[in-house]
Amino acid sequence: MTKPPVSKRHLPASPFKVQEPPPPKHFAVADRVSHDVYGLGRVIAVEEGIAVLVDFGMRRERITSPYSKMTVL
């Protein structure tokens, strides 16, 4: 069994800013998207917070959250 990642504690006297996680990405059906590996596509189904199904023309791919390689156009 694996342990969940532990977040580092921020010290109040630290000169470094607290790094907040980026906001989650949201996609809707019919959104045009760009993926670093598969290229341009269109969202055809959304599993909210879990995955999206994208039609890239010659193939359909299920892209899971956090969608780090995909952006909305």
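In case you missed it, the structure is sitting above this.
Report follows, based on the coordinates. (Residues numbered from 1 in each chain as written. Predicted model: local features only at pLDDT ≥ 70, side-chain atom pairs only at ≥ 80, totals over all residues. Heavy atoms only, no water.)

## So, the nonpolar core
For soluble globular proteins, nonpolar side chains are generally found buried alongside one another. Counting 9 residues, the largest nonpolar core consists of Phe-27, Val-33, Val-43, Val-52, Val-54, Phe-56, Ile-63, Tyr-67 and Met-70. In this structure, Ile-63 is in contact with His-35, Tyr-38, Ala-51, Val-52, Val-54 and Met-70, ignoring residues within four places of it in sequence. (Core = buried A, V, L, I, M, F, W, Y, C linked by side-chain atoms within 4.5 Å. Buried < 20%, exposed > 50% of the residue type's maximum accessible area, 1.4 Å probe, protein only. Contact = heavy atoms within 4.5 Å.)

## Let's talk about the side chain of Glu-61
Positionally, Glu-61 belongs in strand β4 (residues 60–64). One polar contact links Glu-61 to Arg-59, side chain to side chain, over a distance of 2.8 Å. Here Glu-61 is in contact with Tyr-38, Val-52, Leu-53, Val-54 and Phe-56, once residues within four sequence places are set aside. (Helix = DSSP H or I, 4+ residues; strand = E, 2+ residues; numbered from the N terminus. Polar contact = N/O pair within 3.5 Å; in protein donor to acceptor, adjacent residues only side chain to side chain.)

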